[in-house]
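Structural characterization, general
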Amino acid sequence: QPSDHMRFGYKFSNLCGTVYKQGNLLFTPDGGSLLSPVGNRVSVFDLENSKSVTLPFETGNNIACVALSPDKKVLITADEDGRALLINYRKGVVLNHFNFKAKVTTIVFSPCGKYFAASHGKQVQVWATPSLNREF
């Protein structure tokens, strides 16, 4: 017999009053927060404290997918047109903009966090994750 949480066919539609349109949902590695694309921004819902915050950056169009590194340092968003943002997640600061020139269907970090892969069209690109350490 299925448990109570499996018996109901709930469909995610709202996150703290804002409208969910598309994109993947993403738990932080510690499971304490849920990241959700909401239009062209990302909202973070703190599951332990029942609070939410919308991160201070936005993309040109609706976000198609997001990925967070295992150490929670780097967040990547890609919009419907393939334009991506590389973000310092802890500070909420955009580090770089780049363009895949096609809609990105998936972005995922390697378990070690040293690489990330993005798929678009019939291609998969693997990139080295940039270091957030300052080098002089």
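The rules behind the values
- Residues numbered from 1 in each chain as written.
- Predicted model: local features only at pLDDT ≥ 70, side-chain atom pairs only at ≥ 80, totals over all residues.
- Heavy atoms only, no water.
- Helix = DSSP H or I, 4+ residues; strand = E, 2+ residues; numbered from the N terminus.
- Buried < 20%, exposed > 50% of the residue type's maximum accessible area, 1.4 Å probe, protein only.
- Contact = heavy atoms within 4.5 Å.
- Areas by Shrake-Rupley, 256 points an atom, 1.4 Å probe, with all protein chains shown as cover.
- Pairing = 2+ DSSP bridges.
- Axes fitted to C-alpha atoms, helices over the stretch in contact; angles between N-to-C directions.
- Polar contact = N/O pair within 3.5 Å; in protein donor to acceptor, adjacent residues only side chain to side chain.
- pLDDT = per-residue confidence, 0-100.

1. Thoughts on the overall build of the chain
Helix and strand counts for the chain stand at 1 helix and 13 strands. Reading the helices (α) and strands (β) of the chain from amino to carboxyl end gives α-β-β-β-β-β-β-β-β-β-β-β-β-β. Scored against the burial criterion, the 136 residues of the chain give a buried share of 38%. In the chain, the proportion of contacts linking residues at least 24 apart, taken out of those at least 6 apart, comes to 28%. For the chain, the exposed surface amounts to about 8,500 Å²; the carbon and sulfur share of it is 52%.

2. Here's the deal with the sheet that holds strand S12 (residues 115–120)
As a general point, the strands of a sheet are linked pairwise by backbone hydrogen bonds and lie either parallel or antiparallel. Pairing is antiparallel in the open sheet, where 3 strands are placed in the order S11-S12-S13. Sheet topology places strand S11 (104–109) and strand S13 (123–128) at the edges, where each strand pairs with a single neighbour. The sheet shows a mean angle of 15° between the axes of neighbouring strands, taken without regard to direction. Bridging between S12 and S13 involves 6 bridges; their strand directions are antiparallel. When the bridges of S13 are listed, Tyr115 appears paired with Ala128.

3. Notes on the side chain of Thr59
Within the secondary structure, Thr59 sits in the loop between strand S6 (51–54) and strand S7 (63–68). For Thr59, a relative accessible area of 7% puts it in the buried group. A distance of 2.5 Å separates a polar side-chain atom of Thr59 from the backbone oxygen of Asn61. Thr59 has contacts with Asn40, Thr77, Asp79 and Leu85, leaving out every residue within four places of it along the chain.

4. Points about the sheet that holds strand S3 (residues 26–27)
Spatially, S3-S4-S5-S6 is the arrangement adopted by the 4 strands of the open sheet, whose pairing is antiparallel. The two strands at the open ends of the sheet, each matched to only one other strand, are S3 and S6. Across 6 bridges, strand S4 (residues 33–38) lies against strand S5 (residues 41–46) in antiparallel orientation. By the bridge assignment for S5, Ser33 is matched with Asp46.

5. Looking at the confidence of the model for the chain
When pLDDT is low, close inspection of the predicted coordinates is not appropriate. Across the chain, pLDDT averages 84, with 82% of residues at or above 70. Confidence scores differ between elements of the chain, with strand S1 (residues 14–15) showing the lowest mean pLDDT of 42 and strand S8 (residues 74–79) the highest of 96. Note that pLDDT drops below 50 for residues 1–5; the model gives that stretch 2 contacts with residues more than four away or on any other chain. Per-residue pLDDT stays below 50 along residues 10–15; that stretch engages in 11 contacts with residues further than four places along the chain or on separate chains.

6. Concerning the environment of Thr28
Inspection of the secondary structure puts Thr28 in the loop between S3 and S4. Excluding anything up to four places from it in sequence, Thr28 contacts Ser33, Leu35, Leu68, Lys72 and Tyr89. A distance of 2.6 Å separates the side chain of Thr28 from the side chain of Asp30, its partner in a polar contact. Of note is the side chain of Thr28, whose polar atom sits 3.5 Å from the backbone nitrogen of Gly32.

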